2 protein chains.
Amino acid sequence: MNLFPDAKILDVDLSNKEITTRVLAGEIYRLYPGGSTLGLYLAIQEMEPGIDPLSPENMLIFSVSAMTGLPISGISRLNVTAKSPLTGTMGDSQAGGFFPAHLKANGWDAIVFRGKAEKPLYLYIEGDKAELKDAKNLWGKVTGEAEEIIRGEIGDKEVEIAQIGPAGENLVKYACIINMCNRANGRNGMGAVMGSKNLKAVVVKKGKAAQAFDRERFQGLAKSVAERLRENETVAGLGKYGTDGDLEGFHQEGFLPTKNWTTGYFPEGANNITGMTMYESILKERDTCYACAVRCKRVVEIPGVVDPLYGGPEYETCATLGSYCGVTSLEAVAFANQLCNMYGLDTISCGATISFAMECYEKGLINDKDTDGLILNFGNHEAMTALVEKIAKREGVGDLLAEGSYRAAQRIGKEAIPLSMSVKGQELPAHMPQFKPAVGLIYAVNPFGADHQSSEHDVFLMMPPDSRERRRLAQIGVWKGYDNPSVIDDEKVRFAFDSQKFFSILDTLCLCQFVWGPAWELYGPDDMVDLCKYGLGWDTSIYELMLVGERRINMMRYFNAREGFTKEDDRLPQRIFEPFKDGPSKGICVDKEDFEKAKELYYELAGWDKETGNPTESTLRKLSLGWLLEKDQVESLAY
Amino acid sequence: MNLFPDAKILDVDLSNKEITTRVLAGEIYRLYPGGSTLGLYLAIQEMEPGIDPLSPENMLIFSVSAMTGLPISGISRLNVTAKSPLTGTMGDSQAGGFFPAHLKANGWDAIVFRGKAEKPLYLYIEGDKAELKDAKNLWGKVTGEAEEIIRGEIGDKEVEIAQIGPAGENLVKYACIINMCNRANGRNGMGAVMGSKNLKAVVVKKGKAAQAFDRERFQGLAKSVAERLRENETVAGLGKYGTDGDLEGFHQEGFLPTKNWTTGYFPEGANNITGMTMYESILKERDTCYACAVRCKRVVEIPGVVDPLYGGPEYETCATLGSYCGVTSLEAVAFANQLCNMYGLDTISCGATISFAMECYEKGLINDKDTDGLILNFGNHEAMTALVEKIAKREGVGDLLAEGSYRAAQRIGKEAIPLSMSVKGQELPAHMPQFKPAVGLIYAVNPFGADHQSSEHDVFLMMPPDSRERRRLAQIGVWKGYDNPSVIDDEKVRFAFDSQKFFSILDTLCLCQFVWGPAWELYGPDDMVDLCKYGLGWDTSIYELMLVGERRINMMRYFNAREGFTKEDDRLPQRIFEPFKDGPSKGICVDKEDFEKAKELYYELAGWDKETGNPTESTLRKLSLGWLLEKDQVESLAY
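Computed from a predicted model, the values in this text were never measured in an experiment.

Glancing now at the packing of aromatic side chains. Scanning the entire structure with this criterion turns up 39 aromatic pairs over all chains. Between Phe4(B) and Trp538(B) the ring centres are 4.8 Å apart and the planes differ by 80°, which places this aromatic pair in the edge-to-face class. On the criterion of sequence distance, the pair formed by Phe4(B) in the segment before β1 (7-13) and Trp538(B) in the loop between α21 (525-536) and α22 (542-562) is long-range, its members being 534 residues apart. When sorted by exposure, Phe4(B) lands in the same class as Trp538(B), which is buried. The interplanar angle of 85° and the centroid separation of 6.2 Å between the aromatic rings of Phe460(B) and Trp520(B) together place this pair among those described as edge-to-face. Taken together, the residues Phe460(B) in the loop between α17 (437-445) and α18 (468-474) and Trp520(B) in the loop between α20 (513-516) and α21 connect sequence positions 60 residues apart. Judged by its relative accessible area of 9%, Phe460(B) is buried. We classify Trp520(B) as buried; its relative accessible area is 12%. One aromatic cluster in this structure is built from Phe497(A), Tyr602(A), Tyr603(A) and Trp608(A). Arg551(A) extends its terminal NZ or CZ atom over the ring of Tyr32(A), reaching a point 6.0 Å from the ring centre. Positioned above the aromatic ring of Trp479(A) is the side chain of Arg30(B), whose terminal nitrogen or guanidinium carbon lies 5.3 Å from the ring centre.

Moving on: the sheet that holds strand β4 (residues 78-83) of chain A. Residues and elements named next belong to chain A. The 6 strands are arranged β2-β1-β6-β3-β4-β5 in an open sheet whose pairing can be described as mixed. Looking at the sheet topology across the chains shown, the edges are occupied by β2 (18-24) and β5 (90-95). Sheet twist, expressed as the average angle between the axes of neighbouring strands with direction ignored, equals 20°. By the bridge criterion, 7 bridges tie strand β1 (residues 7-13) to β2 in an arrangement that is antiparallel. Each bridged residue has a counterpart across the sheet, and for Asp 13 the counterpart in β2 is Glu 18. Of the strands in this sheet, β1, β2, β3 (60-63), β4, β5 and β6 (110-114) are in contact with helix α2 (residues 35-44), which crosses β3 at around 145°. Contacts from helix α22 (residues 542-562) reach β4 and β5 within the one sheet, and its direction differs from that of β5 by about 140°.

Okay, the pattern of salt bridges next. Overall, the coordinates contain 88 salt bridges over all chains when judged by the stated rule. We note a salt bridge from Glu617(B) to Arg621(B), for which the minimum N-O separation is 3.8 Å. Of this pair, Glu617(B) and Arg621(B) are both found in helix α24 (residues 617-622), 4 residues apart, which corresponds to roughly one turn of the helix. Take Glu617(B): its relative accessible area is 38%, and that puts it in the partly exposed class. Linked by salt bridges that have partners in common, Arg228(A), Arg471(A), Arg472(A), Asp526(A), Asp527(A), Lys533(B) and Asp539(B) make up one network.

Here we come to helix α23 (residues 592-606) of chain A. With 15 residues, α23(A) extends 21 Å from end C-alpha to end C-alpha; this agrees with the ideal 21 Å at 1.5 Å per step. Within the sequence span of α23(A), burial applies to Phe595(A), Ala598(A), Lys599(A), Leu601(A), Tyr602(A), Tyr603(A), Leu605(A) and Ala606(A). In this structure, the buried side of α23(A) is in contact with α17 (437-445), α19 (490-509), α22 and α24 (617-622) of chain A together with α24 of chain B. One side-chain oxygen of the residue at the start of α23(A) lies 3.1 Å from the amide nitrogen of Glu593(A), identifying that residue as Asp591(A).

We now examine the interface of chain B and chain A. Listed by partner, the interface residues are 38 residues for chain B and 38 residues for chain A. Taking both partners together, chain B and chain A bury about 3,600 Å²; carbon and sulfur atoms supply 55% of that area. The interface formed by chain B and chain A holds 6 salt bridges in total. Of the charged contacts in the structure, one is a salt bridge between Asp490(B) and Arg621(A), with a shortest N-O distance of 2.9 Å. The tally of links between chain B and chain A comes to 22 residue pairs in polar contact (both at pLDDT 80 or more). Among the secondary structure elements, those contributing two or more residues to the side of chain B that touches chain A are α18, α19 (490-509), α21, α22, α23 (592-606) and α24 of chain B. For the side of chain B that touches chain A, the per-class residue count stands at 13 nonpolar, 8 polar and 17 charged.

Our next topic: the domain arrangement of chain A. How large an interface is tends to be reported as the accessible area lost when its parts come together. Residues and elements named next belong to chain A. Domain boundaries in chain A define domain 1 (7-205), domain 2 (241-425) and domain 3 (437-636). Opposite the 39 residues of domain 1 that make contact, domain 3 presents 38 residues. For the pairing of domain 1 and domain 3, the buried interface totals around 3,300 Å² over both sides, and the portion due to carbon and sulfur atoms is 63%. Considering only the side of domain 1, the residues that lose the most area to domain 3 are Arg 30, Ile 44 and Met 67, jointly responsible for 20% of the buried surface there. Viewed at the interface, domain 3 and domain 1 are joined by 3 salt bridges. Among the salt bridges present, the one from Arg 552 reaches Asp 92, with a minimum N-O distance of 3.0 Å. Among the elements of the structure, α2, β4 and β5 are those that each provide at least two residues to the side of domain 1 that touches domain 3. Per-element tally for the side of domain 1 that touches domain 3: the top contributor is α2, with 6 residues.

Calculation rules
- Residues numbered from 1 in each chain as written.
- Chains lettered and ligands numbered in written order.
- Predicted model: local features only at pLDDT ≥ 70, side-chain atom pairs only at ≥ 80, totals over all residues.
- Heavy atoms only, no water.
- Phe/Tyr/Trp six-rings, centres within 6.5 Å; stacked < 30°, edge-to-face > 60°.
- Helix = DSSP H or I, 4+ residues; strand = E, 2+ residues; numbered from the N terminus.
- Buried < 20%, exposed > 50% of the residue type's maximum accessible area, 1.4 Å probe, protein only.
- Lys NZ or Arg CZ within 6 Å of the ring centre and 35° of its normal.
- Pairing = 2+ DSSP bridges.
- Axes fitted to C-alpha atoms, helices over the stretch in contact; angles between N-to-C directions.
- Contact = heavy atoms within 4.5 Å.
- Salt bridge = Lys/Arg side-chain N within 4 Å of Asp/Glu carboxyl O.
- Expected span 1.5 Å × (residues − 1).
- Polar contact = N/O pair within 3.5 Å; in protein donor to acceptor, adjacent residues only side chain to side chain.
- Buried area = accessible area lost by both parts, 1.4 Å probe.
- Nonpolar A, V, L, I, M, F, W, Y, C, P; charged D, E, K, R; others polar.
- Domains from an automatic or database assignment.

In structure tokens, the structure reads:
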């Protein structure tokens with residue numbers, strides 16, 4: 001083997017229904033080794049600044065990595081890249097499932113969609129063969145129905161399907177792409193971009209599992225997971241209670257976003273919507289992604305109401321469709337989750353936008369006329385579920401809320417704007433900066449808006465110094481401990497940035513953060529290097545990988561700079577700086593001055609211009625991105 | 001074990017003859033994990049700016065690392081830190097041998113010398129016991145004699161001795177510290193600092209070998225060397241012919257510095273002074289350092305002239321005392337090498353300063369009166385050996401040349417200044433920037449003057465992409481190949497800086513570059529991580545280690561900034577930019593404009609201020625050096 005394998009890319013021109021293929025040489029692929037980074041490399045060379053994300057000029061890129069599909073836990077993730085209609089930045093989203101592994105099993109590292117189909121189509125891939133098929137009879141169908149029709153048409157159950165639901169067709173700004181009817185490329189509205197291209201689905205024939213480069217050592221690595229799973233309570237807890245296992249603790253400490261972030265505790269309902277409650281009531285079974293031993297995915301069932309086909313709610317969903325909205329009914333949350341998966345909506349932005357509407361309603365900024373008669377008080381779960389459907393269909397008030405809370409606020413009026421808990425137009429996930437200021441900092445500076453999966457969470461720094469988590473983090477140069485998580489000092493900022501680079505690797509190699517996260521308990525940074533070596537014969541190091549991670553972040557910022565984004569867009573909602581008025585976290589908030597100082601230091605660490613927040617020329621060069629400076633576009637950067 | 005073991009430090013106040021001990025907590029030690037970085041951490045907190053390097057205010061620090069003495073190749077290196085009398089910068093120098101392992105075997109990570117002894121003393125260490133002893137009868141003795149006397153006095157042959165010779169006593173600006181009579185902490189004049197303190201020697205009782213944390217895995221790592229040695233011709237060549245095995249190739253390509261760098265080839269003499277010629281003529285045997293399988297050290301013998309006790313010449317020595325001076329006699333080179341080891345002189349600065357004097361003589365800038373009657377033409381090997389002795393004794397013209405070529409040139413006159421082939425007052429080693437521009441860049445920007453062991457050499461980038469060397473370098477993020485080594489572009493600058501960080505790790509962990517160098521064939525970056533894990537239970541990564549490496553470079557630059565050093569001091573001699581007039585490299589030189597551009601980019605990558613060349617505040621913070629900014633001294637920095 002040379003230094004790195006080549007990438008095989010499928011180019012699909014939807015306007016002309018032309019499909020071509022190309023090979024990206026390994027020596028370039030190694031700089032952009034899959035997933036988000038590969039998508040960015042392909043997009044950034046072609047996409048002109050200022051295009052409408054929902055126009056044919058936008059590109060939509062599905063990508064996996066050189067290692068996707070190897071038989072090991074946490075390895076099957078699909079990345080989708082396109083300019084985001086929600087944020088206007090470069091968009092970026094990941095999902096698990098079996099689709100990613102099987103896309104790769106057919107031999108493909110990426111699919112690039114350009115243009116717009118005249119009529120609805122879907123793409124079918126079987127090995128080297130790729131074909132655009134008519135999707136007229138799929139259009140308007142919810143995901144479960146569409147899956148059934150496709151399987152019938154293909155005449156072969158052995159396929160994996162990534163698709164949009166009606167929300168994507170209707171260009172809801174936070175429509176998602178969904179596979180298995182319950183694994184979502186949730187954020188940034190990638191489903192709307194797919195809808196704008198009249199592309200309903202991508203269907204891949206199941207293929208053979210990939211072979212590791214050094215099978216014996218690779219199997220040793222894969223097996224160690226089982227051992228660690230047995231040893232470790234936290235991971236076992238994740239398996240047993242899912243991500244929602246965290247909800248109760250957050251509430252107890254006063255950091256569960258509740259009623260559109262007006263408070264951090266939820267005494268009237270938290271207990272109803274925890275992972276433990278779910279486990280003891282509606283949980284039918286646990287599900288897993290390709291080759292993964294963790295089995296963190298929920299499958300819930302409520303006969304006549306919720307179908308196991310659509311999985312079950314994650315922590316984020318229980319918060320955004322639960323506590324955000326003051327909803328105390330787990331059944332309602334599970335039903336709304338099902339609607340989101342049927343229609344193809346991001347549960348975070350959807351729930352957060354509804355909670356925003358509820359606060360507007362309670363504050364009198366909108367009334368019954370605006371809401372089509374819905375009584376939009378916090379806690380009204382019937383109104384909440386009704387709104388999910390209206391949004392997906394863009395019916396009545398749903399048409400306004402389909403734009404997301406930030407655009408909706410601008411239409412409602414000035415007073416509504418501070419009530420949109422969003423960054424760059426994307427709604428905040430359910431992790432509070434008041435408790436996790438490093439996460440809050442990343443919410444602000446992250447290129448594609450607020451995201452909780454772009455950096456490690458501060459709480460790991462509170463573990464004992466000789467704990468596995470701290471030892472792992474030390475591998476990426478971070479090992480200062482904290483007694484109080486709410487502190488944000490120099491070392492915490494470095495932690496934020498270094499861990500952001502690490503998560504950026506995960507989104508490039510298409511690895512799951514619960515298995516491969518820097519402080520996580522199954523594998524760690526050194527195991528990731530072993531994965532590359534044994535899995536692919538890629539003789540790499542964490543140093544090279546961290547450069548890859550940093551490269552990705554900077555490619556996004558470069559793209560955003562061309563679009564006119566600046567430092568001013570790296571801000572948190574005002575509410576984060578206002579002390580909580582009640583609950584266990586009463587009096588606590590993020591100190592505005594500390595935050596601004598942290599942001600300034602972050603720019604310095606990142607090598608971004610102090611005035612503009614854009615990568616400096618030397619930062620791009622350092623990351624082997626000097627070629628961007630030779631493009632004409634660079635003149636439009638505000639250096 | 002906690003995150004890192006504690007360091008045990010011996011504090012020796014020579015003025016008051018007081019010895020105390022202290023412990024540096026592991027959580028700090030991990031940031032400065034030994035060798036140069038530990039020395040810097042200890043020095044930088046105490047040393048005031050502007051002190052005279054030869055005054056009692058200078059500190060002299062011997063340090064090893066937490067891993068020194070483990071039974072594996074390339075692990076026994078002694079670091080010495082002090083403000084340099086040659087350069088005026090922070091000084092830094094490493095040597096191999098058995099002394100380092102045994103210092104550590106007695107339990108010590110560092111010895112800090114302060115003040116000045118009233119009368120000559122030496123320090124004797126036996127486990128926890130450390131004692132200052134009278135050195136009156138050692139003063140004035142050459143190294144071989146002094147060793148004998150000390151062994152007699154201690155009454156125990158089982159000691160290792162690091163000492164200065166008469167050159168150090170006489171404060172020759174490039175006097176070295178020497179152990180085994182032939183392993184030198186050669187550069188930066190550390191021997192003069194030791195002499196200025198009236199400290200003749202440090203003697204350590206031999207101790208027991210250290211135990212690895214995970215013995216089984218550690219032994220597996222250690223054993224793999226033997227295997228790789230068998231496989232690898234380059235390493236076998238290093239073992240067989242020593243470092244001087246390279247001389248012939250350099251000459252043939254026209255990049256052997258000859259006659260004070262006026263030409264790059266040496267047709268009349270190269271063949272006489274190669275490692276092959278040495279092997280076939282005067283080589284008696286090969287020697288090794290503690291636990292090392294490579295055996296690269298030469299031992300030569302010429303009955304009645306050269307005593308095997310003093311080892312044999314390295315490549316640098318064959319060049320500086322050979323081709324630099326136009327000397328064609330290997331015997332003369334070997335004899336001059338012996339004189340340097342007897343008197344304690346750095347062979348590089350010594351040979352280079354003599355070749356400078358020869359050019360001055362040939363150009364008529366000095367004459368027979370100035371040289372005490374010596375006919376200083378290039379090629380006069382008798383004059384060359386006579387000068388070595390005169391320099392060590394500061395006799396006649398030797399007193400002038402004992403100041404180094406740069407200070408001597410200033411005294412001789414304006415026309416002599418461009419003939420001093422030095423950076424920051426330290427003479428260039430025998431690797432030509434015309435052939436290795438990345439090395440040349442590091443000559444210029446390196447904090448303690450021109451040094452060839454502070455970064456990887458460009459030539460490795462010419463190896464095939466799937467070669468072991470290139471795969472190793474790729475682990476530190478560098479893998480662009482070159483057909484022509486003389487190119488210096490963006491990627492090459494990144495290579496220079498990234499490999500500099502890596503070498504900086506080696507000088508911190510006290511590892512030998514021939515065994516652990518980034519492109520070297522025995523171990524590589526990933527093996528170094530395994531060494532830390534298996535050897536010490538230190539759960540680290542190349543990422544953390546590269547941060548350590550960068551931290552060291554920046555601590556030095558911070559120190560230098562306080563001393564008034566700026567960008568202006570980061571320059572190469574003018575001759576490097578003038579085309580060769582003859583030989584295979586005729587017409588070749590470093591392009592001045594390319595070099596300035598490369599330097600500018602280097603500053604950007606390093607996070608150093610464009611105008612001053614000093615680390616910016618954010619760079620210090622990024623490297624967990626924010627505490628330096630809280631010191632009063634920071635105000636004297638020209639930010």
